[in-house]
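Coordinate analysis (summary)
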Amino acid sequence: MSAALHPWRVLAGWLLVAVALVVLGEVSGGTFVNDYRIPGAESQRAADLARDHMPGFGATSADIVLHVDSGTLRDPPRATAIRGMLDEVRRQPDVSAVGDPLAGLESADAAISPDGRTAIVTVRYSADIRDLTAQVYHRLNAAAEPVRGEGVAVEHRGIIIERAFEPEGGEAELIGLGVALLVLLIAFGSVVAAGLPILVAMPGLTAGTGLVLLAGSVVDVPTAAPLIAVMLGLGAGIDYALFVVTRFRTELAAGRPPVEAAGRAVATAGHAVVFAGGTVVVTILGLMFAGIPFIATLGLATAITIAVMVAAALTLLPALLGLLGHRVDRLRLPRGRRRAAPSLDPAATEGGGRGWARWGAHLNRRRCCRCVSAPPTTATSRRRGRSGAPTTRSRPGSGRGSTLLC
């Protein structure tokens, strides 16, 4: 209840913590890298052995492909431009070797077609692929401009080039947020109530990303980890906030003041949030026992983010609820028929209600019957799945399983 009593303090605290974590992560030198080694695997041992005895094995490289439709690449103006390009590439940072297709000797780093119209040049780099950025492609492309001016088509290929054209992301996250907001609008019927779970998720995700960045200064965190952690954390955070907001609105409908309603919502629905979040965190941390380092760090990053989302649902959300109070139901969507206010009294739904309320009351009246009927019903389904034909117990009116489903 303290979060609802002092909402501005909680909001300021979360903002400061989120910003501080991101700044600390940047200052600590935390980065995201890709290390896909699998210790103990035979393929990994073979790759290590090849790398020890063949320095060029697995080296980072990019290919430059040259082609002309008429004439040849050996024509003097073109040959001069190509050699100038190769000299420029050799002077670029981290370049260890550059082939020359015009030297007259074919090698692993350069080759030219018999008609002299097509050639390929391999550029090798001394730096690891993780340390090379999209600037590598831009430098190669700039060096090829004089060659293009001589009527030569120049293209580039290789993993370095692919990295330069990787999508920056953001579209998938925006689509996910849009769909989540639509579902929440349908569930709550209020723009303010629907926006609360997403609003709470934003500082939670910022703080979680900061913690993942801090972890990156200690262990190798894959570049895909932040995206995976954000998507799973967003889903979990919205889900956990949904529990608390639903309970808060129920308490308000029962006539309780906003601060007390927020406290009761955390005291009741908060238990489900802690249990659900704790289960997810423990389960994901199980990836650390897979024996694959990058999988383990993916699980660690996701677990950190989800744990932060649980904390946000239990502290930041009650502060916002206490601040909004009855305004949580503002900006209602137009409905054909307004729903009845939810009730905390089990007797209120015992004899009627609609939808889930009626189904819940039905289950509550026949809870013993449902519990006993579940095992034989499941066993019947399994036998039907194995045999492909109905058994005696599965026929309507026969067998104990169908009798218990009365």
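Residues numbered from 1 in each chain as written. Predicted model: local features only at pLDDT ≥ 70, side-chain atom pairs only at ≥ 80, totals over all residues. Heavy atoms only, no water.

As judged from the 8 bridges shared by strand 1 (residues 60-67) and strand 4 (residues 118-125), these two strands associate in the antiparallel manner. If you follow D63 over to strand 4, its bridge partner there is T122. Sheet topology places strand 1 next to strand 5 (residues 153-157); 5 bridges connect them, and they run antiparallel. Bridge assignment links L66 to a residue of strand 5, and that residue is V154. (Pairing = 2+ DSSP bridges. Helix = DSSP H or I, 4+ residues; strand = E, 2+ residues; numbered from the N terminus.)

We now examine unusual backbone geometry. Unlike most non-glycine residues, D94 shows phi in positive territory, near 70°. One can find D94 in the loop between helix 4 (76-90) and strand 2 (95-98).

This part is about the pattern of salt bridges. One pass over the full model with this rule turns up 9 salt bridges. Between R91 and E88 there is a salt bridge, with the nearest N and O atoms lying 3.1 Å from each other. R247 serves as the salt-bridge partner of E251, at 3.1 Å between the closest nitrogen and oxygen. Of this pair, E251 and R247 both sit in helix 10 (residues 225-253), 4 residues apart, roughly one helical turn. For E251, a relative accessible area of 1% translates into the label buried. One salt-bridge network, in which partners are shared between bridges, spans R247, E251, R256, E260 and R264. (Salt bridge = Lys/Arg side-chain N within 4 Å of Asp/Glu carboxyl O. Buried < 20%, exposed > 50% of the residue type's maximum accessible area, 1.4 Å probe, protein only.)

An α-helix turns once per 3.6 residues; consequently, residues spaced three or four apart project the same way. Here helix 9 (residues 191-215) spans 37 Å end to end across 25 residues, near enough to the 36 Å set by a 1.5 Å rise per residue. Bending of helix 9 peaks at approximately 25° at the position of P197. (Expected span 1.5 Å × (residues − 1). Bend = angle between axes of the 7 residues up to and from the residue.)

On to the packing of helix 10 against helix 12 (residues 293-324), then. Interaxial distance between helix 10 and helix 12 falls to 8 Å at its minimum, and their mutual angle equals 30°. The angle between helix 10 and helix 12 places the two elements in the roughly parallel class. Of the two possible hands of crossing, helix 10 and helix 12 adopt the one that is right-handed. Counting all contacts with helix 10, which are made through A225, I228, A229, L232, G233, A236, G237, Y240, A241, V244, V245 and F248, the residues of helix 12 involved are L298, A301, T302, T305, I306, M309, V310, A313, L317 and L321. Of the residues contributing to the contact of helix 10 with helix 12, the split by class is 18 nonpolar, 4 polar and no charged. (Axes fitted to C-alpha atoms, helices over the stretch in contact; angles between N-to-C directions. Parallel < 35°, antiparallel > 145°, perpendicular 65-115°, else oblique. Left-handed = near helix turned anticlockwise from the far one by under 90°. Contact = heavy atoms within 4.5 Å. Nonpolar A, V, L, I, M, F, W, Y, C, P; charged D, E, K, R; others polar.)

Okay, helix 4 next. The terminal C-alpha atoms of helix 4, which comprises 15 residues, lie 21 Å apart, in line with the 21 Å expected from a rise of 1.5 Å per residue. Those residues of helix 4 lying buried are R78, A79, A81, I82, M85, L86 and V89. Taken around the axis of helix 4, the buried residues stretch over an arc of 165°, which confines them to a single face. Counted as exposed and oriented over 90 degrees from the buried face of helix 4: P76 and T80. Of the surrounding elements, those touching the buried residues of helix 4 are strand 1, strand 2, strand 4, helix 5 (135-143) and helix 6 (145-148). (Arc of directions from axis to C-beta.)

Time to look at the confidence of the model for the protein. Averaged over all residues, the pLDDT of the protein is 77; the fraction at 70 or higher stands at 74%. Every residue in residues 336-341 is under pLDDT 50, and counting partners more than four places away or in other chains gives 6 contacts. pLDDT under 50 marks residues 378-406. Its contacts with residues more than four places away, or in other chains, come to 25 contacts. (pLDDT = per-residue confidence, 0-100.)

Here the focus is a nonpolar patch on the surface. A cluster of nonpolar side chains, L15, V19, V23 and V27, forms an exposed patch at the surface whose accessible area comes to about 390 Å². Within the element layout of this structure, V19 appears in helix 2 (residues 7-27). (Patch = residues over 30% accessible without salt bridge, like charges linked within 9 Å, V, L, I, M, F, W, Y side chains within 5 Å. Areas by Shrake-Rupley, 256 points an atom, 1.4 Å probe, with all protein chains shown as cover.)

To continue, consider the side chain of T305. Within the secondary structure, T305 is located in helix 12. Assessed through its relative accessible area of 2%, T305 is described here as buried. Within polar-contact distance, the side chain of T305 engages the backbone oxygen of A301 at 3.0 Å. Apart from the residues lying within four places of it in its own chain, the contact partners of T305 are L205, G208, V212, A229 and G233. (Polar contact = N/O pair within 3.5 Å; in protein donor to acceptor, adjacent residues only side chain to side chain.)

On to the environment of P101, then. Here P101 shows up in the loop between strand 2 and strand 3 (110-112). Overall, the relative accessible area of 6% leaves P101 in the buried class. Between the alpha carbons of P101 and A111 there is a distance of 5.2 Å; along the sequence they are 10 residues apart. Residue contacts for P101: discarding those within four places in its chain leaves L86, A110, A111, I112, A119 and V121.

So, about the packing of helix 11 (residues 258-285) against helix 12. Axes are the key here: two packed helices are described by the angle between their axes and the distance separating the axes. It is the contact of helix 11 with helix 12, at a shortest axis distance of 9 Å, that shows an interaxial angle of 175°. Judged by the inter-axis angle, helix 11 sits roughly antiparallel to helix 12. Of helix 12, the residues touching helix 11 (which contributes A262, V266, G270, V273, V274, G277, V280, V281, I284 and L285) are G299, L300, T302, A303, I306, A307, V310, A313, L314, P318, L321 and G322. Each residue belonging to the contact of helix 11 with helix 12 can be placed in one class, and the counts come to 17 nonpolar, 5 polar and no charged.

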